[in-house]
Amino acid sequence: MSQNKTDGEVIFVGAGPGDPELITIKGSRALERADRVIYAGSLVNPELLKLCRPGTPCHDSASLTLEEVLALMLDGTKRGETIVRLHTGDPSMYGAVKEQFDYLEEQAIPYSVIPGVSSVFAAAAAVKREFTLPDISQTLILTRLAGRTPVPEREALAQLARHQTSMAIFLSVQDMGAVVEALLEGGYQASTPIAVVAKASWPDEEVLFGTLETIVAKVQAAGIRKQAQILVGDFLDPTGGYARSKLYDPTFTHEYRQGTDR
Ligand code: SAH
């Protein structure tokens, strides 16, 4: 039970990848009724803050420590505020949300999470591809290169690459050479298609298509160093070689449709 008797709450909201129309209706309604907003200013589109009531205090968390963010949550909810914590994309991917959840649990402050459109899906939309094609890959791996945050050895990119699935790599474009090296080491062919999507869904979105052989030079030439998704795998190949779906095959019977004889 709540030790901190309060009507305040914290709502974690996925802001989506950038385009302000890509927040959910539920997320935008939370912003409309927020008493205070803490947003990840480095990636969240500030246009979204216009959904708030005029005068709503909005704090950019880019320059704040975890302790400062938590203090804003504690003080605000004590006063009964509804606080929206706005995270880019979907909060569950590289959102640093667990440490906030844990603190709120400790303090018995009620909180909830509203999902968002991750940049991985905005990137797939930008390239107009499907990650899961029959006979090509039925699995999508979401990962990153180790940076200042380490990646467990068993999940090293070269290890994951051995599965030859569709892959989306976050937080790694600044080290494109190392990404390609690990993918080749893991066994992807040099001719494997790869795409880099920078600022997916923003007006200045950029899409580069290449192969493991050509992409490093293209990324360098374009000067892309951050805020990009790296998509890898044969699902990107426009000429395909995939099998068509069973679900929409006229001869295939399922719960909602009787198949015809060939
Ligand atoms: N929770 C976010 C990811 C935060 S980590 C999400 O679900 O998208 C930040 C990384 O996400 C960036 O380094 C980049 O790899 C990716 N990213 C975020 N926004 C992006 C965008 N609009 N286009 C491409 N990549 C993006």
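Residues numbered from 1 in each chain as written. Predicted model: local features only at pLDDT ≥ 70, side-chain atom pairs only at ≥ 80, totals over all residues. Heavy atoms only, no water.

Examining the packing of helix H6 (residues 176–186) against helix H7 (residues 215–222)
So, point 1. Closest axis-to-axis distance for the H6/H7 pair is 9 Å, and the angle between their directions is 165°. Classified by the angle between their axes, H6 and H7 sit roughly antiparallel to one another. By crossing handedness, the relation of H6 to H7 is classed as right-handed. Contact with H6, carried on its side by Met176, Gly177 and Val180, involves Ile215, Val216 and Val219 of H7 and no other residues of that element.
So, point 2. Classifying every residue of the contact of H6 with H7 by side-chain character gives five nonpolar, one polar and no charged. (Axes fitted to C-alpha atoms, helices over the stretch in contact; angles between N-to-C directions. Helix = DSSP H or I, 4+ residues; strand = E, 2+ residues; numbered from the N terminus. Parallel < 35°, antiparallel > 145°, perpendicular 65-115°, else oblique. Left-handed = near helix turned anticlockwise from the far one by under 90°. Contact = heavy atoms within 4.5 Å. Nonpolar A, V, L, I, M, F, W, Y, C, P; charged D, E, K, R; others polar.)

Describing the site of the ligand
So, point 1. In the vicinity of the ligand, 18 residues are found, and the nearest of them are Met93, Ser118, Ser119, Ala200 and Ala228.
So, point 2. Within the backbone of Leu171, a nitrogen or oxygen atom sits 2.9 Å from an oxygen atom of the ligand.
So, point 3. A distance of 2.8 Å is found between a nitrogen atom of the ligand and a backbone nitrogen or oxygen belonging to Ala200.
So, point 4. Burial of the ligand by the surrounding chains reaches 95%, relative to a free accessible area of 540 Å².
So, point 5. Residues of the shell around the ligand, tallied by class, amount to ten nonpolar, six polar and two charged.
So, point 6. When residues of the shell around the ligand are assigned to domains, at least three fall in each of domain 1 (9–114) and domain 2 (119–236). (Near = heavy atom within 4 Å. Polar contact = N/O pair within 3.5 Å; in protein donor to acceptor, adjacent residues only side chain to side chain. Areas by Shrake-Rupley, 256 points an atom, 1.4 Å probe, with all protein chains shown as cover. Domains from an automatic or database assignment.)

Things to note about the domain arrangement of the protein chain
So, point 1. Split by domain assignment, the protein chain resolves into domain 1 (9–114) and domain 2 (119–236).
So, point 2. On a C-alpha basis, the centroid separation for the pair domain 1 and domain 2 is 29 Å.
So, point 3. Across the contact, eleven residues belong to domain 1 and eleven residues belong to domain 2.
So, point 4. Summed over both partners, the interface of domain 1 with domain 2 comes to about 790 Å²; 70% of that surface belongs to carbon and sulfur atoms.
So, point 5. The three residues of domain 1 that bury the most area against domain 2 are Pro17, Met93 and Tyr94, which together make up 60% of that side's buried surface.
So, point 6. The interface formed by domain 1 and domain 2 includes zero salt bridges.
So, point 7. At the boundary of domain 1 with domain 2, the tally comes to two residue pairs in polar contact (both at pLDDT 80 or more).
So, point 8. Looking at side-chain class alone, the side of domain 1 that touches domain 2 contains six nonpolar, four polar and one charged residues. (Buried area = accessible area lost by both parts, 1.4 Å probe. Salt bridge = Lys/Arg side-chain N within 4 Å of Asp/Glu carboxyl O.)

Comments concerning the nonpolar core
So, point 1. Counting residues in hydrophobic clusters, the biggest one holds 26 residues, and the most contacted among them are Met167, Met176, Leu183, Val196, Ile230 and Val232.
So, point 2. For this core, the element with the highest residue contribution is H6, accounting for five residues.
So, point 3. Listed in part, the 17 residues of the second largest apolar core include Ala15, Ile23, Tyr39 and Leu86. (Core = buried A, V, L, I, M, F, W, Y, C linked by side-chain atoms within 4.5 Å. Buried < 20%, exposed > 50% of the residue type's maximum accessible area, 1.4 Å probe, protein only.)

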